[in-house]
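# Structural overview
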Amino acid sequence: MIGRLNHVAIAVRDIAKASAVYRDTLGARVTAPTVQAAHGVTVVFIELPNTKIELLEPLGADSPIAKFLDKNPDGGIHHVCYEVDDIIAARDRLKAQGARVLGDGEPKIGAHDKPVLFLHPKDFCGTLVELEQA
């Protein structure tokens, strides 16, 4: 059901500082910051030959990333994102198998302007999983 790894998301307190680490220290290509108000974050993508790293900075105290950083002050891996060919079929199959879809269960538009869903970490070995329509 799952396709390729689309990205690994890392929560950070300072997206400019984190971007500089990837760009200046590691020599990576870094996109410009983009505000994703619906998700409560600013995002930057680190483009790698085989996948991407997504840096997430909270937009405010109510952001899920702010809550993550409260529990993990130094930041860290927040989620992994896998591509699926049909997000509705994937959702329905996962729910039928007992997996929990977060939120209202309906796809939202993600940072790549494609539908995304998040799956409960307790159902996936302690890892928050994002599914993105390929």
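On a predicted model such as this, the values are computed, not experimentally measured, just so you know.

Formed by 23 residues in total, the largest nonpolar core has its most connected members in Tyr-22, Ile-46, Ile-53, Leu-55 and Leu-131. Once residues within four sequence positions are removed from consideration, Ile-46 is found in contact with Tyr-22, Ala-28, Arg-29, Val-30, Thr-51, Lys-52, Ile-53 and Leu-55. Grouped together as the second largest cluster of nonpolar side chains are nine residues, Ala-11, Leu-56, Ile-65 and Leu-69 included.

We now examine helix 3 (residues 87-96). For helix 3, the complete set of buried residues consists of Ile-87, Ala-90, Arg-91 and Leu-94. End-on view of helix 3: buried residues confined to an arc of 100°, all on one side of the axis. Sitting at the amino-terminal end of helix 3 is Asp-86, which places a side-chain oxygen 3.1 Å from the backbone nitrogen of Ile-88. Note on helix 3: the residue one or two positions beyond its end, Gly-98, has a positive phi of about 100°.

Looking at helix 1 (residues 15-25), one finds that the buried residues are Ile-15, Ala-18, Ser-19 and Tyr-22. Seen end-on, helix 1 carries its buried residues on one side only, within an arc spanning 100°. Exposed side chains of helix 1 directed beyond 90 degrees from the buried face belong to Ala-16, Lys-17, Asp-24 and Thr-25. Its buried side turned inward, helix 1 meets strand 1 (2-11), strand 2 (29-30), strand 4 (41-47) and strand 5 (52-58). Two or three places before Ala-16, at the start of helix 1, stands the capping residue Asp-14, its side-chain oxygen 3.1 Å from that residue's backbone nitrogen. Looking one or two places after helix 1, you find Gly-27, whose phi comes out positive at around 75°.

The rules behind each value
- Residues numbered from 1 in each chain as written.
- Predicted model: local features only at pLDDT ≥ 70, side-chain atom pairs only at ≥ 80, totals over all residues.
- Heavy atoms only, no water.
- Core = buried A, V, L, I, M, F, W, Y, C linked by side-chain atoms within 4.5 Å.
- Buried < 20%, exposed > 50% of the residue type's maximum accessible area, 1.4 Å probe, protein only.
- Contact = heavy atoms within 4.5 Å.
- Helix = DSSP H or I, 4+ residues; strand = E, 2+ residues; numbered from the N terminus.
- Arc of directions from axis to C-beta.
- Polar contact = N/O pair within 3.5 Å; in protein donor to acceptor, adjacent residues only side chain to side chain.

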